[in-house]
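Geometric and topological summary
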Amino acid sequence: MVTTSHPQAYPPASHKFWGSLCLSWYTLSQEAPGKDRVERGRVRPLLLRTWRLESVCYPTTRMSRQNLLDLLPSELEDLAESLGVPRYRGRQIASWLYGKGATDIEAMSDLPRDFRAILADRATVAVPEIERRTPSQDGSQKLVLRLEDGARIQSVLMPDADRLTLCVSTQVGCGFACAFCLTGTMGLERNVTAGEIVGQVLAARAGLEPGARITHIVYMGMGEPLANYAATVKSLRLLTDPKAFGFSPRRITVSTVGLVSGIERLAKENLKVNLAISLHATNNEIRDRIMPVNKGFAIEELLEACRRFPVAFRQRITFEYVLLEGVNDSPEDSRRLVRLLKGIRAKINLIPFNDWEGSGFQRPALHRIMGFQELLLEHGIRATVRWSKGEDIGAACGQLKETVEV
Ligand code: SAH
């Protein structure tokens, strides 16, 4: 038998209603008599209301001890001060955590011994444990990570020329149920904390060959980053803080299913990270069918939010477009895509569908994929075909699902 790996699903499996994220609320509300989903304006208030409740519905796991990885360097300084030592002790902790990758508080040898004892009593450094590492023939590696409460997530390391990209997960499972996505079949189990997001980077980094370095981070693993907004933003601050990881924000990309309210909030954070949008369709009829989120945020509204998004100098918004045979791969779709993206500094990532058992979708033939790309290029749109990495190990886009044989 194959089951999802999380031993104690939170919320309980019987509450899959909750487990399909707050999205279910609006889906159900729309299915209720008199709530025609075409009337987008009417469902939005409910969606927004549930959106704000997200942290109430899905509290991140509360551990008794503070995970130091959940704290920004400035908060480590506050913590040090609150424990009666000078603020600079907090900076020392940050350099142990991020510079040296230390996980043992006792080993932070330049901290006073009694302070280490107090700190170890109240705090921990909870780096997810790499339970399994599966190498792909194409050089990528899938990491199965076990979190403190036993939940499992996946990260994927993808080397490419002079880059080494880490794909991180922001939720255990996903509640958005995109029809073509295997992760979506899991439902949402829980949000991942900021410390667990950056912990994926620390765990992956600790296992690299000497001299290797993670150069790029993409939020394209399991889950929807903007549905776990607070943890996602905090993790972005940790990754870009020079006193923590110090990544350039240009090397970080957050991918979203298209949560307009989240995109608008992110636009105001001054983070300067790249944005990727999972568009996947060129009209609402098709997008409604394959991406339930579209029933709350229609394409026009999504693209308006993209037009307002502050795109860094020389950067572009990436539009991901999974090519599904007979669904969204016609020349007409390609032409509509050109029209839709007018006025947006965009680049398109065409992702030939990665199959999984029982999906009900198929990857289009090669000539159809190339023809789709050709049409975009002819209209001056940057378009690349992303032949997913790790397809042979179930680590490609949309193939992340954690299962255990029992
Ligand atoms: N929830 C976020 C992050 C996931 S990123 C988002 O939707 O953007 C993973 C990307 O792979 C998304 O663009 C997703 O739509 C795409 N994807 C999902 N299933 C896929 C599949 N079977 N084949 C190809 N791409 C897929």
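Note that this is a predicted model, so its numbers are computed, not measured. (Residues numbered from 1 in each chain as written. Predicted model: local features only at pLDDT ≥ 70, side-chain atom pairs only at ≥ 80, totals over all residues. Heavy atoms only, no water.)

**Points about the pattern of salt bridges**
What counts is decided by this rule: Note on definitions: salt bridges are taken to be side-chain nitrogens of Lys or Arg within 4 Å of carboxyl oxygens of Asp or Glu. In DSSP terms, a helix is any run of H or I states spanning at least four residues, a strand is any run of E spanning at least two, and both are numbered starting from the N terminus. The cut-offs for exposure are 20% and 50% of the maximum accessible area for each residue type, with area from a 1.4 Å probe on protein chains only; residues under the lower value are buried, those over the upper are exposed, and the others partly exposed.
Taken as a whole and assessed by the stated rule, the structure comprises 19 salt bridges. Linking Arg-87 and Asp-78 is a salt bridge whose minimum nitrogen-to-oxygen distance equals 2.9 Å. Residue Glu-304 is joined to Arg-307 by a salt bridge in which the shortest nitrogen-to-oxygen separation is 3.3 Å. One end of the pair is Glu-304 and the other is Arg-307, both in helix 12 (residues 299-308) and 3 residues apart, which spans about a single turn. The class for Glu-304 is partly exposed, based on a relative accessible area of 37%. Using a relative accessible area of 36% as the deciding quantity, one classes Arg-307 as partly exposed. Put simply, Glu-77, Asp-78, Glu-81, Arg-87 and Arg-91 are held in one network by salt bridges that share partners.

**Looking at the packing of aromatic side chains**
Test applied: Any two rings among Phe, Tyr and Trp, with Trp reduced to its six-membered ring, count as a pair given centres within 6.5 Å; such a pair is stacked if its planes are under 30 degrees apart, edge-to-face if over 60, and tilted if neither.
Scanning the entire structure with this criterion turns up 4 aromatic pairs. When the centroid spacing of 4.9 Å and the interplanar angle of 55° are considered together, the rings of Tyr-98 and Phe-245 count as tilted. Of the two residues, Tyr-98 sits in helix 6 (residues 88-99) while Phe-245 sits in the loop between helix 9 (229-240) and strand 11 (252-256), which places them 147 residues apart along the sequence. As far as the burial class goes, Tyr-98 and Phe-245 line up, both buried.

**A word on the packing of helix 9 against helix 10 (residues 260-267)**
The condition that has to hold: Axis definition: a line fitted to C-alpha atoms, limited for helices to the stretch in contact. Angles are taken between N-to-C directions and run from 0 to 180 degrees. Note on terminology: angles under 35 degrees are roughly parallel, angles over 145 are roughly antiparallel, angles of 65 to 115 are roughly perpendicular, and the others are oblique. For any helix crossing, the convention is left-handed if the near helix is rotated counterclockwise from the far helix by under a right angle, and right-handed if that rotation is clockwise. When checking whether two residues touch, look at their non-hydrogen atoms; a contact exists if any pair is within 4.5 Å.
At a closest axis distance of 12 Å, the pairing of helix 9 and helix 10 adopts a crossing angle of 30°. The orientation of helix 9 with respect to helix 10, classified from their angle, is roughly parallel. For the pair helix 9 and helix 10, the crossing hand works out as right-handed. For the pair helix 9 and helix 10, contact is made by Tyr-229, Val-233 and Leu-236 and by Gly-262, Arg-265 and Leu-266, respectively.

**Focus: the sheet that holds strand 10 (residues 216-219)**
The line we're drawing: Only strands joined by at least two bridges in the DSSP assignment are considered to pair.
Taken in spatial order, the 10 strands line up as 4-5-6-7-10-11-12-13-14-15 in an open sheet, and their pairing is mixed. Single-partner strands in this sheet number two, and they are strand 4 (129-135) and strand 15 (382-385). Taken pair by pair, the neighbouring strands of this sheet meet at an average axis angle of 20°, ignoring direction. Pairing between strand 14 (residues 346-352) and strand 15: 4 bridges, direction parallel. Counterpart to Leu-350 in the pairing with strand 15 is Val-385.

**Quick look at the pairing of strand 5 (residues 141-146)**
As paired strands, strand 4 and strand 5 are joined by 6 bridges and run antiparallel to one another. Looking at the pairing, Ile-130 lines up with Leu-145 of strand 5. As consecutive antiparallel partners, strand 4 and strand 5 are separated by 5 residues, and within that stretch Gly-139 has a phi angle of approximately 95°, a positive value. The pairing of strand 5 with strand 6 (residues 152-160) spans 6 bridges and is antiparallel. The residue bridging Lys-142 from the neighbouring strand is Val-156, located in strand 6. Taking the residues that link successive antiparallel strands as the turn, the strand 5-strand 6 hairpin has 5 residues, and the phi of Gly-150 there is positive, at about 95°.

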